[in-house]
Amino acid sequence: MALRVYNTLSGEKEIFEPLVPGKAGMYVCGVTVYDHCHIGHARAYISFDIIYRYLKYAGYDVTYVRNYTDIDDKIIRRANQEGSDYRAIADRYIRTFDEDMARLGLEKPTLEPKATDHIAGIIAIIGTLIAKGHAYESDGDVYYAVETFPEYLRLSKRNLEDMLAGARVDVGEKKRNPMDFALWKGSKPGEPWWESPWGHGRPGWHIECSAMSMRFLGQTFDIHGGGKDLIFPHHENEIAQSEAANGCQFVRYWLHNGFVNINSEKMSKSLGNFFTIREVLERFDPETLRFFILSAHYRSPIDFCDQNLNEAQAGLERIYACLAAIDEALGKSVAPTGPSDSSGQAGQDLRDKAEHLIPRFREAMDDDFNSAQALGVVFEMVRAVNRFLAEIDQVDAPAQALLTRVRGLFAEIGGVLGLFGRAPRAWLDAIKSAGADRMDISPEEIERLIAERNEVRKARDFRRSDEIRDLLLAKGIQLLDSPQGTTWKVK
RNA sequence: GGCGGCGUAGCCAAGUGGUAAGGCAGAGGUCUGCAAAACCUUUAUUCAGCGGUUCAAAUCCGCUCGCCGCCUCCA
């Protein structure tokens, strides 16, 4: 089964055929570092994290470049507000970005270049564009002349006439055409600047991605990704710059992830309904957030709300509970093979499911990285395991071998999705005790009541026993009775 | 106004021509003093509506209705 990816440029799923067989070059637009990251960033970078992981899993030698845009108007504005240097702002938010991504379990890209380390490359491209007649200098700025590039707006499937008719573009008198965009901006007093043939200035937005991708992946490379919102103008402008300068195709496959909505509304700063990754992680486990994001296809819109996150957590708990049960069964000493062993119906079914798990997982992921379908396959496996564990009453050697194999398959898939990597029991315990600091009853008091309840239960005083149970439940404490004793969790 | 997307069970969500994955919630069962938790089983003759193409459509085409995104900084 061949890998198929949805290419924004063609509007269709295409067979993925890399430029160099066995290798894949991938560039994803990173953050402009002027503020904390929000869950939209989380969605984007988790999506491309599993694309990166899956490409490697599928056998490609992947070079993954994800940049930091560390010079930009917004960074400068923020620095002015705080009375600090733009570098201090950039460094701070690069650090918080790295922390957030690490908490979400993202793998480090092969390279994470910064725009300010590539000013020379940027200037070189601009020079080429001017020489080829695609750009012009205007009072210290340099603009790209969009009319010189016939392919302009092919990615976003628009046309210049309609865009101009909309007339919501900034008509700067320095531009020849209102749609022209800045490659280089002359610096005003007090602003950071670099030396250039056009005087002191800084790069415009867009050009840094052309420079860095070209530097590390070549003039033509395989995959370029980012959020849907970057299609226009950012990626459109990258294509115009790169292809006009190099005279060859820039990117073969354009991949774009869908948006995050908040309670069914578009997330935006003006509505005030955005959450930073930090805020979300105060309330939800990072793996739960990751699981939630992977439970929908990366191109679909996804609705962030408490109910959906809670459902995601319930689903992930189901999987971890299954893994914990497997680990527990494997921890037991092996019983001699007897008549009621792993050869029953559930055993046959589990063997069958195990046989087909990886092919089905790959089939899902080969279809444009369909992680939602992949998780469906995982859940079917969970059910087969639970049924098997319920059927056998002791773990004999064949059962142990089967469970060991299944456990390995979960780990293999988890490795690609960046899930299921924690110790199951510990993860479940952590989820259970989350929120314990918000209780208005101490753990000691709970334990004392549980002890009392156990006493009265022995005496078969169920009235008092149930009274204690209800009392704790009213305080949000759920008692969990089992043959091994009574534990509790915060409801 | 231009361009693009979406509408699948109570909710979330896969499924791009071959007869509806999965999760949550619900119901039944096992367990339990009774429960809870956990586990098992079960839940859409049907895919917004109406036409059309086809042996066959949720899947392709047309129209209608509803929702959303982009066109301005944005993942």
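Sequence order as written defines residue numbering, which begins from 1 separately in each chain. To read the labels, note that chains go from A and ligands from 1, taken in the order they are written. Where local features are concerned, this predicted model is filtered to residues with pLDDT of at least 70; where side-chain atom pairs are given and counted, the filter is 80 or more; whole-chain, interface and lining totals use all residues. Excluding hydrogens and water, the side-chain figures rest on all heavy atoms present in the structure.

## Considering the protein's contact with RNA strand B
With respect to spatial proximity, 56 residues lie near RNA strand B, and among them Trp 205, Gly 227, Leu 230, Lys 266 and Gln 478 are the closest. Taking the atoms of RNA strand B that fall within 4 Å of the protein, sugar and phosphate contribute 64% of them. Whenever two N or O atoms come within 3.5 Å, that pair is a polar contact, provided that in protein one can donate a hydrogen and the other can accept it, and provided that, for residues adjacent in sequence, both atoms are side-chain atoms. At a separation of 3.4 Å, a sugar or linking oxygen of RNA strand B approaches a polar side-chain atom of Gln 307. A distance of 3.2 Å separates a phosphate oxygen of RNA strand B from a polar side-chain atom of Asn 386. Listed by contribution, the elements that provide at least two residues to the surface near RNA strand B are α1 (39-57), α5 (160-166), β9 (221-227), α10 (306-331), α12 (371-391), α15 (443-458), α16 (462-474) and β14 (477-482). A total of 8 residues in the surface near RNA strand B trace back to one element, the largest contributor, which is α12. Taken together, the residues that form the surface near RNA strand B break down as 17 nonpolar, 20 polar and 19 charged. Nearness is judged by heavy atoms alone; a residue qualifies as near a molecule or strand once a single heavy atom is within 4 Å of it. The secondary structure listing takes helices from DSSP runs of H or I that are at least 4 residues long and strands from runs of E that are at least 2 residues long, numbered from the N terminus. Gly is placed with the polar residues, together with every amino acid not listed as nonpolar (Ala, Val, Leu, Ile, Met, Phe, Trp, Tyr, Cys and Pro) or charged (Asp, Glu, Lys and Arg).

## A closer look at the packing of helix α9 (residues 286-294) against α10
Structural elements are reduced to axes, namely lines fitted to C-alpha atoms, with helices fitted over the stretch in contact, and the angle between N-to-C directions of any two is expressed from 0 to 180 degrees. One can describe the packing of α9 onto α10 by two numbers: an axis separation of 9 Å at closest approach and a directional angle of 105°. As the angle between them shows, α9 and α10 are arranged roughly perpendicular. Residues Glu 287, Thr 288, Leu 289, Phe 291 and Phe 292 of α9 form the contact with α10, whose participating residues are Asn 308, Leu 309, Ala 312, Gln 313, Gly 315, Leu 316, Ile 319 and Tyr 320. Taken together, the residues that form the contact of α9 with α10 break down as 8 nonpolar, 4 polar and 1 charged. Roughly parallel refers to an angle under 35 degrees, roughly antiparallel to one over 145, roughly perpendicular to one between 65 and 115, and oblique to any angle outside these ranges. We call two residues contacting when some pair of their heavy atoms lies within 4.5 Å.

## With respect to the environment of Ala 384
As for its placement among the helices and strands, Ala 384 is situated in helix α12. For Ala 384 and Lys 458, which are 74 residues apart along the polypeptide, the C-alpha to C-alpha distance reads 37 Å. Filtering out sequence-adjacent residues up to four positions away, Ala 384 remains in contact with Asp 349, Leu 350 and Lys 353.

## A short note on the sheet that holds strand β10 (residues 251-257)
The pairing criterion for strands is at least two bridges between them, as found by DSSP. Taking strand neighbours across the sheet as the criterion, the 4 strands line up as β4-β3-β9-β10 in an open arrangement whose pairing is parallel. At either end of the open sheet lies a strand with only one pairing partner, and these are β4 (61-66) and β10. Looking at each pair of strands side by side, their axes are set apart by 20° on average, direction ignored. Two elements, strand β3 (residues 23-28) and β4, share 6 bridges in a ladder whose sense is parallel. Looking across to β4, one finds that Val 28 is bridged to Arg 66. Its contacts with the sheet place helix α6 (residues 207-217) against β3, β4 and β9, and it is angled at close to 160° to β3.

## Re the domain arrangement of chain A
Many descriptions give the size of an interface as the accessible area lost when the pieces come together. Residue ranges for the domains trace back to a domain assignment, done automatically or taken from a database. Domains assigned within chain A are domain 1 (4-282), domain 2 (306-421) and domain 3 (439-490). Computed over C-alpha atoms only, the centres of domain 1 and domain 2 are separated by 41 Å. Contact with domain 1, which involves 11 residues of that partner, is made by 14 residues of domain 2. A simple way to read buried area is as the amount of 1.4 Å-probe accessible surface that goes missing from two parts once joined, with both sides added. Here domain 1 and domain 2 share an interface that buries about 1,300 Å² over both sides, 58% of which is from carbon and sulfur atoms. Throughout this description, the term salt bridge denotes a Lys or Arg side-chain nitrogen within 4 Å of a carboxyl oxygen of Asp or Glu. Our enumeration of links across domain 1 and domain 2 arrives at 2 salt bridges. Across the pair Asp 367 and Lys 13 runs a salt bridge whose closest N-O atoms are separated by 2.9 Å. Inspection of the domain 1/domain 2 interface yields 9 residue pairs in polar contact (both at pLDDT 80 or more). Listing elements by their share of the side of domain 1 that touches domain 2, those giving two or more residues are β1 (4-7) and α1. Residue classes in the side of domain 1 that touches domain 2 are distributed as 8 nonpolar, no polar and 3 charged.

## Some points on the sheet that holds strand β6 (residues 141-144)
Spatial ordering of the open sheet is given by β5-β6-β7-β8, a layout of 4 strands whose pairing is antiparallel. Both edges of this open sheet fall to β5 (135-138) and β8 (201-203), since each of them pairs with a single strand only. Pairs of neighbouring strands in the sheet enclose a mean axial angle of 20°, with direction left out of account. In terms of strand pairing, strand β7 (residues 181-186) meets β8 through 3 bridges, oriented antiparallel. Considered in β8, the bridge of Lys 185 is made with Arg 202.

## A look at helix α3 (residues 86-103)
Take the number of residues in a helix, subtract one, and multiply by 1.5 Å to get its expected span. The terminal C-alpha atoms of α3 lie 26 Å apart, and with 18 residues this matches the ideal 26 Å at 1.5 Å per residue to within 8%. Of the positions making up α3, those classed as buried are Tyr 86, Ile 89, Ala 90, Tyr 93, Ile 94, Thr 96, Phe 97, Asp 100 and Met 101. Directly beyond the C-terminal end of α3, a positive phi value near 80° is found at Gly 105. We call a residue buried when its accessible area falls under 20% of the maximum for its residue type, exposed when it is over 50%, and partly exposed in between, using a 1.4 Å probe and counting protein chains only.

## Details of helix α4 (residues 119-131)
Quick reminder: α-helices carry 3.6 residues per turn. Residues three or four places apart thus point the same way. Between the first and last C-alpha of α4 there are 18 Å, a value that for 13 residues agrees with the 18 Å anticipated at 1.5 Å per step. Of the surrounding secondary structure, the elements contacted by the buried residues of α4 are β5, β6, β7, β8, α6 and α7 (231-246). The first or second residue beyond α4 is Gly 133, which carries a positive phi of 80°.

## Concerning the pattern of salt bridges
Under the counting rule described, the total for this entry stands at 39 salt bridges. Across the pair Asp 98 and Lys 108 runs a salt bridge whose closest N-O atoms are separated by 3.9 Å. With Asp 98 in helix α3 and Lys 108 in the loop between α3 and α4, the pair connects residues that are 10 residues apart, well separated along the chain. Look at the salt bridges and you will find they share partners, linking Glu 445, Arg 448, Glu 452, Arg 463, Arg 464 and Glu 467 into a network.

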